[in-house]
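Architecture at a glance
Residue-level listing of the chains:
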Amino acid sequence: MTSIKSHINSDYFSAANTLRGKGSRRRIVAYVESYDDVFFWRMILSEFEDETRYFEVMLPIRSNLSKGKKSAFLSLMRNGMGRDMIACVDADYDYLLQGANHDSAFMLDNPYVIHTFVYAIENYQCYAPSLHNVCVMATLNDAPTFDFVDFLSRYSRIIFPLFVWNIMMYRRREYGSFTITDFNTVARIQHKRTEQLNEVFNKLHHKVRVKVNELQRRFPNMKEEYLRTKDSLLSLGVTPDTTYLYIQGHHLFDGIVVPTMQTVCEELRRQRETEIRRKAKHVVQMQNELSAYMRSVSDISEMLKKNLGYTKSEPYQRVLQSIEKMLGRSE
């Protein structure tokens, strides 16, 4: 990591907080990775603001446009981590690697680094029990036409054995043996209609089985390590039904969830338009209603980015607990 000069440091904020006096609120700076992360962490941290403290969420470096997890860590180390300066980052694989590399160890061992537990914010936005409501937001049609929980549970159960292999290789630092890109290539699905999903899942199951068999042939003496890795992941909250929360966020968001939701939402919009045509008393009323409806529907990707339904999820509760623990340490 390169050295970057900064006039902002933890001692500066600590001194500034001291000078504010007993009646003022303590300012805690929270470094985040990118613009997209500001709202997510602002929403979470605002729950912990009171008459004694408030948070300021900012990008890592004010002097340039550097962003990302390493930049957030660098800012924290350079500026002096502590009760007045924290970092809030995506877990990526670092949570599941359990200290197997430097970034994982730094994130897990540092009480002033708060992470998502799931791979990234996008995984939360794709939280299965919330996706029907997102469809309603996008289409203004509440018809229960698709079971997103079953869809992502089935997907997760199929890819889980391969995911264990992927994490095992990363824990061994044998990154080139089976990369995240390799995993995503096998885990990719494509469909144009939800009626095709049984066929799609059968093909996915076949691809996963072929790849697992290949890995078993290449690494014939790793059965015990595989089982230990599997048990470890289960203990960390990764279950066969929730694997989707821990795979690469952009792959899940862009490659799995958005295409499926677009298919579902297109059907919901057609239903609503058909209903308008059927109930309209004359052509002018029909045209006006259709025009008003089309102005009211929304882009599914934008609605997903505004989705807050994940706040009921178990990993999200872990994030809240980690913040409470950090604040308790710094009181």
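Please refer to the structure placed before this passage.
Parameters and conventions
Residues numbered from 1 in each chain as written. Predicted model: local features only at pLDDT ≥ 70, side-chain atom pairs only at ≥ 80, totals over all residues. Heavy atoms only, no water. Helix = DSSP H or I, 4+ residues; strand = E, 2+ residues; numbered from the N terminus. Buried < 20%, exposed > 50% of the residue type's maximum accessible area, 1.4 Å probe, protein only. Contact = heavy atoms within 4.5 Å. Bend = angle between axes of the 7 residues up to and from the residue. Polar contact = N/O pair within 3.5 Å; in protein donor to acceptor, adjacent residues only side chain to side chain. Axes fitted to C-alpha atoms, helices over the stretch in contact; angles between N-to-C directions. Parallel < 35°, antiparallel > 145°, perpendicular 65-115°, else oblique. Left-handed = near helix turned anticlockwise from the far one by under 90°. 1 Å grid on protein atoms, 1.4 Å probe; cavity = no way out; pocket = protein on both sides within 12 Å on 5 of 7 lines; lining within 4 Å. Points joined across faces, edges and corners; volume = space filled by probe spheres on them. Nonpolar A, V, L, I, M, F, W, Y, C, P; charged D, E, K, R; others polar.

A few words on the overall build of the protein chain. Along the protein chain, the regular secondary structure elements total 15 helices and four strands. Scored against the burial criterion, the 331 residues of the protein chain give a buried share of 50%. Long-range contacts, defined here as pairs at least 24 residues apart, represent 78% of the contacts in the protein chain between residues at least 6 apart.

Considering bend angle alone, the principal kink of helix α8 (residues 148–171) is centred on Phe160 and spans about 50°; proline Pro161 follows within four residues of it. Counting buried residues in α8 gives 18 out of 24 residues, a clear majority hidden from the surface. Sitting at the head of α8, Asp147 places a side-chain oxygen 3.2 Å from the backbone nitrogen of Val149.

For the pair helix α7 (residues 131–139) and helix α12 (residues 249–279), the least separation of the axes is 10 Å and the interaxial angle reads 50°. Taken together, the axes of α7 and α12 are oblique relative to one another. Seen from above, α7 lies across α12 with right-handed handedness. In contact with Leu131, Val134, Cys135, Ala138 and Thr139 of α7, α12 contributes Val257, Met261, Val264, Cys265, Leu268 and Arg269.

Before going further, it helps to examine the layout of surface pockets. Roughly 500 Å³ of volume is contained in the largest pocket. Taken together, 26 residues form the lining of the largest pocket, with Asp36, Asp37, Ile121, Glu122 and His250 sitting closest to its centre. Looking at the lining of the largest pocket, the element that brings in the most residues is helix α2 (residues 35–46), giving five residues. Within the lining of the largest pocket, the residues separate by chemical class into nine nonpolar, seven polar and 10 charged.

So, on to the environment of Ser104. As for its position among the elements, Ser104 is in helix α5 (residues 102–109). A relative accessible area of 0% places Ser104 in the buried class. Separated by 10 residues in the primary sequence, Ser104 and Asp94 place their C-alpha atoms 4.3 Å from one another. Within the local environment of Ser104, its side chain forms a polar contact with the backbone nitrogen of Gly99, the two atoms lying 2.7 Å apart.

Residue Phe117 is not a glycine yet carries a positive backbone phi of 70°. Phi at Leu140 takes a positive value of approximately 60°, unusual for a residue other than glycine. Mapped onto the fold, Leu140 is located in the loop between α7 and α8. Its relative accessible area of 42% is what places Leu140 among the partly exposed residues.

Right, let's get into the packing of α8 against helix α11 (residues 223–235). Packed helix pairs are characterised by how far apart their axes lie and by the angle those axes make with each other. Contact pair α8 / α11: the axes reach a minimum separation of 9 Å and the direction vectors enclose 100°. It follows that α8 is roughly perpendicular to α11 by the angle criterion. Each of Phe160, Pro161, Phe163, Val164, Trp165, Ile167, Met168 and Arg171 in α8 lies in contact with α11, whose residues at this interface are Glu225, Tyr226, Thr229, Lys230, Ser232, Leu233 and Leu234. Its residues assigned to classes, the contact of α8 with α11 comprises 10 nonpolar, two polar and three charged.

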